[in-house]
2 protein chains.
Amino acid sequence: MRSTPSPEAAPAMTPAASLVFTTLLSNGPITRAETARRTRLSPAAITKAVRPLMELGYLVEGVDEGARPAVGRPASLVWVDAGRALFIGIKVTGDEIIAVLADLCCRVRIPRHVRLKGRDPEKVLPAITALVQELLTEADGFGVPVRGLGIAISGDVDRADGVVRYSPFLEWRDVPLAEIVGTATGLPVTVDNDVRALTVAEHWFGAGVGLSNFALVTVGAGIGCGLVVHGRVVSGAHGVAGEIGHLSLDPLGPLCHCGNRGCVEAIAADPAILRGMREATGKNVTAAAEALDLAHSGDPGVRQVYARAGEAIGKAIGSLVNLLGPERVIISGEGLAAYDLFAEGIRDAFAASAFGTASQCDVMTRPLPFEQWARGAAATAIQSFIGSDTYEE
Amino acid sequence: MRSTPSPEAAPAMTPAASLVFTTLLSNGPITRAETARRTRLSPAAITKAVRPLMELGYLVEGVDEGARPAVGRPASLVWVDAGRALFIGIKVTGDEIIAVLADLCCRVRIPRHVRLKGRDPEKVLPAITALVQELLTEADGFGVPVRGLGIAISGDVDRADGVVRYSPFLEWRDVPLAEIVGTATGLPVTVDNDVRALTVAEHWFGAGVGLSNFALVTVGAGIGCGLVVHGRVVSGAHGVAGEIGHLSLDPLGPLCHCGNRGCVEAIAADPAILRGMREATGKNVTAAAEALDLAHSGDPGVRQVYARAGEAIGKAIGSLVNLLGPERVIISGEGLAAYDLFAEGIRDAFAASAFGTASQCDVMTRPLPFEQWARGAAATAIQSFIGSDTYEE
DNA sequence: CTTCTTTCATTGACAGCGAAAAAGAACCAC
DNA sequence: GTGGTTCTTTTTCGCTGTCAATGAAAGAAG
């Protein structure tokens, strides 16, 4: 949610212009004619939408001899000038803040990490503001204004109001984050749930480009899921959506912190794997990397822990696909480091649980460095800047 | 999908007019001012949209002394003239066809049942056509034209093309139903999946009115689910969506016909209940009604079968709600006849499996007579008539 | 070397939609 | 009456995106 107007106003975006711009953002350099086909607008409308954006420097054009059609007038390619604007993306976790300075195409220019001394807003907010100031200073070197700030936080976040309703991890309730940070930094601030933010980034800049129905499943400290249905990110009526981690797969399974048994998260998230590891080996394994080393050393009991986790993830994805019929499921998160150990379990369990043609769904993995969470936050800021209606009802 | 133009053309519907019309359809008699608020259009736009529709007789107006505001000019109420047009809705099952003649407000005027002699298209299509002709004759008595025909069939149905891609129940593959029946009857034909059609009816005329995110769960011979997300029915990329019946809840559960164990359908659908019943009593129970009588007679073992089924349904709804965060879940289907036996299990299992605030989701029941499936088909025909963009991408 | 064909891009006219503003209508309260 | 309130309509107006025609830039064909 924008809170403060920036000095140089954003271009006024009509619906068509916004559509054209996002199409160009996601589909790299393409011709006007191709843009017309993808957006189903008339060629004339493309010309009209492109020109003012080009005059403002947001779009540039050039020719690609290779892409010339076999016959007919050669097309000129149009693309977004990534360097025309900068955005800051911030992901807040329980013990650190990850921030990135990203360009208009959401490519990370500068990453930053800061450890947190505490989780309450009094500790975290100044840290965010300081980090933003630092990146704003860095941004001066690019000679381009920072046009927005996105903040991604796990939990129930109201993007429209910029309020963190409830974040169990940070133990925050009803923190008007956009307003506070917007006032402190003078930037338009967008606040969103972290998984949704990552989903936005994948939708516009990653493996979800061009899809209007897909799911992003993140495996790591928890199991998360972002959903895009009918081309828009699903938010959930009560602040809950994508809680695939708490699908209960087995009434006799391990107890989950949510109170149920057999949740995916209680089988396949880092803490569950570490626990399984300790039970299998007797060693006090406390870090995911350590567990991974052990598994790769070949202990079959240890590998079994991962196999079971993969199976749980595969089943959960099967359930998801049966329910929603997405075109693609993207598996990501730090847990992917152990994907070779998960893979078979995921594949088999998915194939077994997918109903009918649902098994045709494209299930893929996408390793993303941890700073991608912050990049997701930047993507939400870019969305707000462009005036996309992704979140309107 | 329209296939044949009707003699008297449908009113040309601009986006605004279509929006106004559907708002009036769903929200009964309301004032223009109220319509403007709900659609977020200007009062002027309402006037412009309403007038031509009123001239064509689709809308009528009147005053309601009771609804007069305390102060100010009394509003006049506008509503859809239900009797202005008729539609036929048809639901095809494995052994019978249910048809209804419905008015523009999707109220059933005449219901019809016909038993089928076979399931192949050569047997079913003539039966459909004959039934339509019969209802067309009946419709003459109303002095109003039948403006569309909707057909609902379980399985993978491509509504846009009017083709039944694959119906396991009927063993149909790639039957261009809309084209065939359209040619035979001269009516514009809409073909859709049966659960989706019922979901449409609930969305426009039932418990889903005004909601943009809800789920309809049907309990009966199978367990089905229709989803509305972002105001539109979810179709699924590979023809599969809403397969809540094949969520696997227990790896040690009963074997399902899909090959997995512990599917909701293998626990809570009619065949599963009958089987449980036979195991509990030793009696050869073959009809759902019979089973219900037995349960009501008080046998605790028998009641346990229903309790377990209710639990499975509750868990499945919990999973659904965790994933999608709908505003409401509507439970319906013939299985509701046994709802008093399911209720506790559903409620408890849902409460236990819903994560966090997801438990606030409104889970309600809605008993619908069996002909409602055919009414759903009629609703899809009305959608097509109005030119709603519910299904466009 | 000219002319045709094909594709891409632009132009200008145009229709239509929906918003804004203002006026009109119908009622109540005083 | 008169003023206040709410609903409805009228008029005007800007804006948008389509349409149809034109121009531009190539290769292909004669």
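Quantities reported herein were computed from a predicted structural model and do not represent experimental measurements.

Criteria and cut-off values
Residues numbered from 1 in each chain as written. Chains lettered and ligands numbered in written order. Predicted model: local features only at pLDDT ≥ 70, side-chain atom pairs only at ≥ 80, totals over all residues. Helix = DSSP H or I, 4+ residues; strand = E, 2+ residues; numbered from the N terminus. Rg over C-alpha atoms; globule rule 2.2 N^0.38 Å. Buried ≥ 20, exposed ≤ 12 C-beta atoms within 10 Å, placed from the backbone. Contact = placed C-beta atoms within 7 Å. Near = placed C-beta within 6 Å. Nonpolar A, V, L, I, M, F, W, Y, C, P; charged D, E, K, R; others polar. Axes fitted to C-alpha atoms, helices over the stretch in contact; angles between N-to-C directions. Parallel < 35°, antiparallel > 145°, perpendicular 65-115°, else oblique. Left-handed = near helix turned anticlockwise from the far one by under 90°. Domains from an automatic or database assignment. pLDDT = per-residue confidence, 0-100. Least-squares fit on C-alpha atoms with pLDDT ≥ 70 in both. Pairing = 2+ DSSP bridges.

S.K.: Explain the overall build of chain A residue by residue, including any values.
M.R.: Secondary structure assignment for chain A yields twelve helices and 16 strands. Computed over C-alpha atoms, the radius of gyration of chain A comes to 22 Å, within 12% of the 21 Å expected from 2.2 N^0.38 for 393 residues, which places it in the range of a compact globule. For chain A, the spread of C-alpha atoms along the three principal axes comes to 65 × 55 × 40 Å. Relative to its full complement of 393 residues, chain A shows a buried share of 50%. In chain A, once contacts between residues fewer than 6 apart in sequence are set aside, the share between residues at least 24 apart is 64%.

S.K.: Got a sec to walk through the protein's contact with DNA strand C? Specific residues and values, please.
M.R.: The local shell around DNA strand C holds 23 residues, among which A:G72, A:R73, B:A16, B:S42 and B:R73 are the closest. Breaking the surface near DNA strand C down by element, the ones donating at least two residues are α2 (32-39) and α3 (43-55) of chain A together with α1 (15-26) and α3 (43-55) of chain B. When residues in the surface near DNA strand C are grouped by element, the largest group, three residues, is from α3(A). Taken together, the residues of the surface near DNA strand C sort by class into 13 nonpolar, seven polar and three charged.

S.K.: Describe the protein's contact with DNA strand D, naming the residues involved and giving the relevant values.
M.R.: Close to DNA strand D lie 23 residues, the nearest being A:A16, A:A44, A:R73, B:G72 and B:R73. Breaking the surface near DNA strand D down by element, the ones donating at least two residues are α1 (15-26) and α3 of chain A together with α2 (32-39) and α3 of chain B. The element that contributes the greatest number of residues to the surface near DNA strand D is α3(B), accounting for three residues. Per-class residue counts for the surface near DNA strand D are 13 nonpolar, seven polar and three charged.

S.K.: Would you mind going over the interface of chain B and chain A in detail, with residue names and values included?
M.R.: Listed by partner, the interface residues are 41 residues for chain B and 41 residues for chain A. If you tally residues by element for the side of chain B that touches chain A, the top one is helix α10 (residues 300-324) of chain B, at six residues.

S.K.: Report on the packing of α2(B) against α3(B), specifying residues and quantitative values.
M.R.: If you want to describe how two helices pack, look at the angle between their axes and the distance between the axes. All names here are of chain B. Two elements in contact, α2 and α3, have axes whose closest approach is 9 Å; the angle formed by their N-to-C orientations is 110°. Accordingly, the angle class assigned to the pair α2 and α3 is roughly perpendicular. Taken as a pair, α2 and α3 cross one another with a handedness that is right-handed. Mapping the contact onto sequence places R32, A33, T35 and A36 in α2 and P43, I46, T47 and V50 in α3. Taken together, the residues of the contact of α2 with α3 sort by class into five nonpolar, two polar and one charged.

S.K.: I'd like a description of the domain arrangement of chain A, backed by residues and values.
M.R.: All names here are of chain A. Looking at chain A, the domain boundaries give domain 1 (15-83), domain 2 (85-200 + 372-386) and domain 3 (211-365). For domain 1 and domain 2, the distance between their C-alpha centroids amounts to 30 Å. Listed as interface residues are eight residues of domain 1 and, on the opposing side, six residues of domain 2. Considering every element that reaches the side of domain 1 that touches domain 2, the biggest residue donor is α1, with four residues. Taken together, the residues of the side of domain 1 that touches domain 2 break down into four nonpolar, three polar and one charged.

S.K.: Before we move on, can you summarise the confidence of the model for chain A with the specific residues and values?
M.R.: When pLDDT is low, close inspection of the predicted coordinates is not appropriate. All names here are of chain A. Considering every residue of chain A, the mean pLDDT works out to 89; 94% of them sit at 70 or more. The lowest-confidence element of chain A is helix α9 (residues 288-296), averaging 80 in pLDDT; the highest-confidence one is strand β4 (residues 86-92), averaging 97. Contacts of residues 1-7 to residues separated by more than four positions or lying in other chains number 22 contacts, the stretch itself having pLDDT below 50.

S.K.: Pulling in residues and values, what's your account of the relation of the copies chain B and chain A?
M.R.: Under the fitted operation, chain B is carried onto chain A by 0.0 Å of movement along the axis and a turn of 180°, and the coordinates agree to an RMSD of 0.1 Å. Expressed as a symmetry operation, the mapping of one chain copy onto the other fits a two-fold axis. Both copies share a contact surface, since 100% of the interface residues of chain B are interface residues in chain A too.

S.K.: How would you sum up the sheet that holds strand β10 (residues 172-175) of chain A? Please name residues and give values.
M.R.: All names here are of chain A. Across the sheet, which stays open at both edges, the three strands sit in the order β8-β9-β10 with antiparallel pairing between neighbours. Whereas interior strands pair on both sides, the edge strands pair on one side only; in this sheet they are β8 (156-158) and β10. With direction set aside, neighbouring strand axes in the sheet form an average angle of 15°. Strand direction decides the pairing type here: strand β9 (residues 163-167) and β10, joined by three bridges, are antiparallel. For S167, the partnering residue across the bridge sits in β10 and is W172.

S.K.: Tell me about the environment of A:N213, and name the residues and values.
M.R.: By secondary structure assignment, the location of A:N213 is in the loop between α6 (194-205) and β12 (214-219). Measuring from C-alpha to C-alpha, the distance between A:N213 and A:V229 comes to 4.6 Å, with 16 residues separating the pair along the chain. Those residues in contact with A:N213, other than ones at most four positions away along the chain, are A:V228, A:V229, A:P326, A:E327 and B:A237.

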